[in-house]
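Now for the letters of each chain:
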Amino acid sequence: MLSTIWYLIVGGLIGWIAGLILGRDIPGGVIGNIVAGLIGSSVGGYLFKDFGPQLAGIAIIPAILGAIILVLIVSWIFKSSNRRA
């Protein structure tokens, strides 16, 4: 139970850091940060493998890189859908 809470906290922090690096808000606020961090850690782990420091079982550097990629894609999708409306 406690490990799940830490996993969600680290995912939220990773999503928040990715948003700060890009200077873009992640849709969904805190929940969006958590989702971006967790999905980003999966994407980063797949693309860059696990290297660097780990926290709550998440490799921080690949997770941040994956979250940045995810935030860019989501921002692009939302931006293009707003242009059509």
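Residues numbered from 1 in each chain as written. Predicted model: local features only at pLDDT ≥ 70, side-chain atom pairs only at ≥ 80, totals over all residues. Heavy atoms only, no water.

**A look at the overall build of the protein chain**
Across its full length, the protein chain holds three helices and two strands. Expected size for 85 residues packed as a compact globule is a radius of gyration near 12 Å; at 13 Å, the protein chain falls within 12% of this value. Seen through its principal axes, the protein chain has C-alpha atoms that stretch 40 × 25 × 20 Å. Burial status across the protein chain gives 34% buried among its 85 residues. Long-range pairs, those at least 24 residues apart, make up 52% of the contacts in the protein chain with a sequence separation of at least 6. Surface summary for the protein chain: the accessible area is close to 5500 Å², and the carbon and sulfur share equals 71%. (Helix = DSSP H or I, 4+ residues; strand = E, 2+ residues; numbered from the N terminus. Rg over C-alpha atoms; globule rule 2.2 N^0.38 Å. Buried < 20%, exposed > 50% of the residue type's maximum accessible area, 1.4 Å probe, protein only. Contact = heavy atoms within 4.5 Å. Areas by Shrake-Rupley, 256 points an atom, 1.4 Å probe, with all protein chains shown as cover.)

**Structural notes on the packing of aromatic side chains**
Taken as a whole, this structure holds zero aromatic pairs when the rule is applied. It is lysine 49 that lies over the ring of tyrosine 46; its NZ or CZ is 5.9 Å from the centre. (Phe/Tyr/Trp six-rings, centres within 6.5 Å; stacked < 30°, edge-to-face > 60°. Lys NZ or Arg CZ within 6 Å of the ring centre and 35° of its normal.)

**Considerations on the environment of glycine 19**
Mapped onto the elements, glycine 19 comes out in helix H1 (residues 2-22). With residues up to four places along the chain from it excluded, the contact list for glycine 19 reads Arg24 and Ile26.

**Some remarks on the UniProt feature "transmembrane region" (unreviewed entry) in the protein chain**
UniProt tags residues 6-23, 30-48 and 54-78 as "transmembrane region" (unreviewed entry). As a span, residues 30-48 carries 100% helix and 0% strand, and end to end its C-alpha atoms are 25 Å apart. In residues 54-78, the share of helix is 76% and the share of strand is 16%. The end C-alpha atoms are 31 Å apart. (UniProt positions renumbered as here; feature names shortened; annotations may be inferred.)

**Section: the packing of H1 against helix H2 (residues 29-48)**
At a closest axis distance of 6 Å, the pairing of H1 and H2 adopts a crossing angle of 95°. If you check the angle between H1 and H2, you find them roughly perpendicular. Contacts between H1 and H2 involve Tyr7, Leu8, Gly11, Gly12, Ile14, Gly15 and Trp16 on the former and, on the latter, Asn33, Ile34, Ala36, Gly37, Leu38 and Ser41. Of the residues in the contact of H1 with H2, the class split is seven nonpolar, six polar and no charged. (Axes fitted to C-alpha atoms, helices over the stretch in contact; angles between N-to-C directions. Parallel < 35°, antiparallel > 145°, perpendicular 65-115°, else oblique. Nonpolar A, V, L, I, M, F, W, Y, C, P; charged D, E, K, R; others polar.)

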